[in-house]
Amino acid sequence: MNIRSNRRIVTLVVSAAFSALAPTAVRAQTPSPLVVIPAQLAFDDSNVAFSQTITLSSNDPLTLSVTLDSGTTGSQPPDWLSVDRRTISTPGSLRVFVSRIPPVGDYTARVLLQVVTQGVNYAVRTIPVRLSIKENRGFGVSPLSLSFEGQAGGDLLPVQYVTLPVDCGEVTVRTSDTWLLVRPEPVANCRRLEVSIRTANLSPRGHTSQLTLTRSGARLDIPVNVLLLPPGGWLDLNPNGFQFEAREGNGNSITRNLAVRNRGFGTLNWTARISPLAGAANWLRLGATSGTASRTEPGRLPITVDTTGLTTNNYYALVEVSSDAVLNSPQLFPIAFRLTASNSPTLVTPSPSGLVFVVRQGSGVSATQNLTLFASNQNGARFHIAAQTDDSSGWLRVSLADGRTSTGAPATVAVSVAPGILQPGVYQGDVNAFIESGSGPEVRSVNVTMIVQPRAQAPQSAKSARRLEGCTPARLAATHTGLVNNFVTRAGWPTPLNVRVFDDCGEAVVGAQVVLNFSNGDVPLVMSDLEDGNYSATWTPRVTASDAMTVDAVANFRTLTGNTELSGRVAEEATPVVVSNGVVNNFDRRPGGPQAPGTLVEIFGDNLALTTEVAKLQDGKLPFEVNGVSVIMGNQRLPLVAVSPGQLNAQIPTGIRVPQQLPLVVRAGNALSVPVRIPVQPVQPGLLVFADGRLIAHDETSAIVGQGGRARRGRPIVLYLVGMGVTNPGLDAGGVSPGQPLAAAAEAPQVLVDGQPVRVLFAGLTPGFVGLYQINVILPEDVAPGEVPVVVRQGDVDSNVARLVLE
């Protein structure tokens, strides 16, 4: 099974060459060279926003002007290339992006940098840019799948959006279920579809559907998964994992806080511990082992690392958070920790990663917000810091330009804004910081948004302390606050992202959809709404990006839109990754679909194992570990059928409570994957079929029906399935099914042949096999010969539809 993202075939290649900038005039003190990272840029078509960020730094402050031309001296700027600012000071960053996709062809341009700092005269330096556009054959929609969660018994779940690269009128839309509602937004030049779920007649469990888009003969299927929660509490962790980095012998002063949330009703008590299923982690420190959480007041679990006695290596741990008051317990939280050599460069880690200011037009300097500059350096290191704004108007201020920071005494920088006479609107800027290092500085840029409100003309609304009466929002303002610009993360490691969304009247927006698009080709992510204007997601990078890549956040709320982006790099790491929607029923591979206790599943991903091996029975049961690979779900390990680098085959435990949603983690060696959450419900039958959908069954002579033959009406056949749930008598997962007594399915099925119920002789586990079910039926005599559909129904849950030819 291949799980891969849909990609448009538009290739964008941008090459950039930087030479060292040497001064042609010398001051009394020779200025340091300008350091530019990365050395070259490479863009591809996996993201709607074709952009990357260049960072510039020097030990002495420099100011540069930025201009564009079409590749030759004196030529006009190209209409397809843009930069986000015309003046930049060091340390600083410059975003270069393709603002318009031209027709098929090859194009050239240049970015020109000229140092204008008084007393320094550098020659103009050029960054050549080449754009190559090939035939566009795809949809280029975002996101590629939709997931909804909510309480059962309501009316409609919050709207989500599918963004299109073409007008809605060019796309034919078809849905597979009546409860899945789709309509274009009621405005001209529609470029997005509104998708909502009618829940009135849906039971508390997982539901799967599909949105099919057709354009010019091309077809795209978008999986839609819905999880309706039963009444009561619902345990949730935010984010979905942490990563730490420190230098050997220098300690680490960063504390990261895990939010323990109750997404249901009431207040729940929770406990936390380091999971023994992932091995010991004496270096990990939990700041709490218990607490409470409600929908409006999440619990707080501080997490730190202790480097004492550790040597250079990667370390992994798994935190288990439990609550007896909820079904979906426990939840799992991975920690990835990289300890580098003591002589490796010191890097600055600013916290928080983004700031938002809401101020009035004409007001003075705002109240300050503080940045803490963390560094793994016991002796202290000198840092430099500078503010820059996209409009170069100087509204962003920092309290100091340089200083020292250390492990034991992290520095604090006060940040403020001064809107002055600026017009009402949304303004963007950065606070750039780097630490002097022998290997060259690396800039970390904190994202800053200033929303300038109109002067007060009426009393403020009682609903909002900041929004003016009569202010009509026209756009959304989104700010990355979970990850800095010029970030460095590692492939397969949990990378928390957070975006704050306001409208341009200064009010936090609740109920928006925020989609993250990644220029390295990773599948887009839909962020979770934390119901306070914050939206979160945990990104697990699959594709290494040694050169700069972008993370573009696109926010939609009713008729309002907005976006923001940041850039960084993804370092190579052989960490296990389970792909999005990559845990599927062996016989009914619905992406992201729910599973039942005892179901045989396929788990798809990267670096899941070093070798390929089929498990051998041990004392009549499947093993929980094969060649150092194990799969953890909640507080249990899964029996393994087979392992390979790209796929694991395993069985869901039989003794788990349902319905619920449990995290699944793969452990390969000592490394841990980021959890994927799997809906689990009493039954989810999947019929065994050939690749073309024809039913695989045996007739009374044990011959295979459907492989060149026909089934005889009025005669018995045997169907094979997985996912029919618990049995009577019960059987532990991984065990071989007995012949005496037979293990019958606890929930009796219906078998529908051409829509007509047929006589069921037996339904339960197949003797001598692990996790395989069978249903013995008598085919009807009063059905017309020919091809007919076959469906297995347990309660209100249907299997996949198989095709059977009757003679």
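Relevant structure appears above.
Residues numbered from 1 in each chain as written. Predicted model: local features only at pLDDT ≥ 70, side-chain atom pairs only at ≥ 80, totals over all residues. Heavy atoms only, no water.

### Some details on the overall build of the chain
For the chain, the helix and strand inventory stands at zero helices and 65 strands. Counting the 807 residues in the chain, one finds 55% classified as buried. Approximately 32,500 Å² of the chain is accessible, and the part contributed by carbon and sulfur atoms is 49%. (Helix = DSSP H or I, 4+ residues; strand = E, 2+ residues; numbered from the N terminus. Buried < 20%, exposed > 50% of the residue type's maximum accessible area, 1.4 Å probe, protein only. Areas by Shrake-Rupley, 256 points an atom, 1.4 Å probe, with all protein chains shown as cover.)

### Remarks on the pattern of salt bridges
Between side chains of opposite charge, pairing is possible as soon as their charged atoms come close. Across all of its chains, the model carries 24 salt bridges by this definition. The salt bridge partner of aspartate 606 is arginine 542, with a shortest N-O separation of 2.7 Å. Here arginine 542 lies in the loop between strand E40 (534-539) and strand E41 (545-557) and aspartate 606 lies in strand E44 (residues 600-606), a separation of 64 residues in the sequence. Judged by its relative accessible area of 21%, aspartate 606 is partly exposed. (Salt bridge = Lys/Arg side-chain N within 4 Å of Asp/Glu carboxyl O.)

### Some words on the packing of aromatic side chains
Enumeration according to the criterion identifies nine aromatic pairs in this entry. Ring geometry for tryptophan 283 against phenylalanine 337: centres 5.5 Å apart, planes inclined by 40 degrees, an arrangement best described as tilted. Within this pair, whereas tryptophan 283 is found in the loop between strand E19 (268-274) and strand E20 (284-286), its partner phenylalanine 337 is found in strand E24 (residues 331-340), the two being separated by 54 residues in sequence. Look at tyrosine 316 and tryptophan 493: their rings are 6.0 Å apart centre to centre, the planes differ by 80 degrees, and that puts the pair in the edge-to-face class. Pair noted here: tyrosine 316 is in strand E23 (residues 313-322) and tryptophan 493 is in the loop between strand E35 (487-490) and strand E36 (495-503), with a separation of 177 residues, a long-range link. Tryptophan 493 carries the same exposure label as tyrosine 316, and that label is buried. By way of ring pairs, the aromatic residues Phe242, Phe244 and Phe333 are connected into one cluster. Residue placement shows arginine 490 over the ring face of tryptophan 493; its charged tip is 6.0 Å from the ring centre. (Phe/Tyr/Trp six-rings, centres within 6.5 Å; stacked < 30°, edge-to-face > 60°. Lys NZ or Arg CZ within 6 Å of the ring centre and 35° of its normal.)

### Some thoughts on the state of the cysteines
All chains considered together, the criterion is met by one disulfide. The disulfide partner of cysteine 471 is cysteine 505, and the S-S distance across this bridge is 2.1 Å. Judged by the torsion about the S-S bond (-95 degrees), the cysteine 471/cysteine 505 disulfide is left-handed. One end of the pair, cysteine 471, is in the loop between strand E33 (444-453) and strand E34 (476-480); the other, cysteine 505, is in the loop between E36 and strand E37 (513-518), and 34 residues separate them in sequence. The exposure class assigned to cysteine 471 is buried, which follows from its relative accessible area of 18%. (Disulfide = S-S within 2.5 Å.)

### Looking at the side chain of asparagine 649
With respect to the secondary-structure elements, asparagine 649 resides in strand E49 (residues 647-651). The class of asparagine 649 is buried, set by a relative accessible area of 15%. Sequence-distant contacts of asparagine 649, that is, excluding residues within four places in its chain, are made with Asn586, Val601, Glu602, Pro639, Leu640, Val641 and Ala642. (Contact = heavy atoms within 4.5 Å.)

### As for the environment of alanine 744
Here alanine 744 shows up in strand E58 (residues 744-745). Placed 20 residues apart in sequence, alanine 744 and methionine 724 show a C-alpha to C-alpha distance of 9.9 Å. Setting aside residues no more than four positions away along its own chain, alanine 744 makes contact with Val726, Thr727, Asn728, Phe762, Ala763 and Gly764.

### Quick look at the environment of aspartate 754
Mapped onto the elements, aspartate 754 comes out in the loop between strand E59 (750-753) and strand E60 (756-757). On the basis of relative accessible area, aspartate 754 is assigned to the partly exposed category, the value being 44%. Remark: the alpha-carbon pair of aspartate 754 and proline 789, spanning 35 residues in sequence, is separated by 5.1 Å. When sequence neighbours within four positions are dropped, the list of residues in contact with aspartate 754 reads Val783, Val788 and Pro789.

### Here we look at the sheet that holds strand E18 (residues 256-262)
Pairing is antiparallel across the open sheet formed by four strands, whose spatial order is E16-E18-E22-E20. A strand with exactly one partner marks an edge of an open sheet, and here the two such strands are strand E16 (235-238) and E20. Sheet twist, expressed as the mean angle between neighbouring strand axes with direction ignored, is 25 degrees. Across three bridges, E20 lies against strand E22 (residues 299-305) in antiparallel orientation. Looking across to E22, one finds that leucine 286 is bridged to isoleucine 303. (Pairing = 2+ DSSP bridges. Axes fitted to C-alpha atoms, helices over the stretch in contact; angles between N-to-C directions.)

### Concerning the pairing of strand E13 (residues 192-197)
Most of E13 sits inside the fold, with six of its six residues counted as buried. The two faces of E13 match: Arg192, Glu194 and Ser196 on one face and Leu193, Val195 and Ile197 on the other face are all buried. Judged from the five bridges that link them, strand E12 (residues 180-184) and E13 form a sheet pairing that is antiparallel. Looking across to E13, one finds that valine 182 is bridged to valine 195.

### Details of the sheet that holds strand E27 (residues 369-374)
Within the open sheet, the four strands sit side by side as E25-E27-E31-E29. Their pairing is antiparallel. Either end of the sheet is taken by a strand with one partner, and the two such strands are strand E25 (349-351) and strand E29 (396-398). Across this sheet, the average inter-strand angle for adjacent strands is 25 degrees, counted without regard to direction. For E25 and E27, the ladder comprises three bridges, and the chain directions are antiparallel. Its bridge partner being in E27, proline 350 is matched across the sheet by leucine 373.

### Concerning unusual backbone geometry
A cis geometry characterises the amide bond from serine 142 onward to proline 143, with omega recorded as 0 degrees. One can find proline 143 in the loop between strand E8 (125-133) and strand E9 (146-151). In this structure, proline 352 follows serine 351 across a cis peptide bond, with omega equal to 0 degrees. Here proline 352 is to be found in the loop between E25 and strand E26 (354-360). Backbone geometry at asparagine 627 places phi at a positive 50 degrees, although glycine is not the residue there. Here asparagine 627 shows up in the loop between strand E45 (613-614) and strand E46 (629-633). When its relative accessible area of 51% is taken as the criterion, asparagine 627 is described as exposed. Its identity as a non-glycine residue notwithstanding, aspartate 754 has a phi of 55 degrees, on the positive side.

### Regarding the pairing of strand E48 (residues 640-643)
Looking at chain direction, E45 and E48 are connected through two bridges and run antiparallel. Directly across from glutamate 613, in E48, lies its bridge partner valine 643. Bridge count between E48 and E49: three bridges; the pairing is antiparallel. Bridge pairing in E49 links valine 643 to leucine 648. The hairpin formed by E48 and E49 contains three residues between the paired strands.

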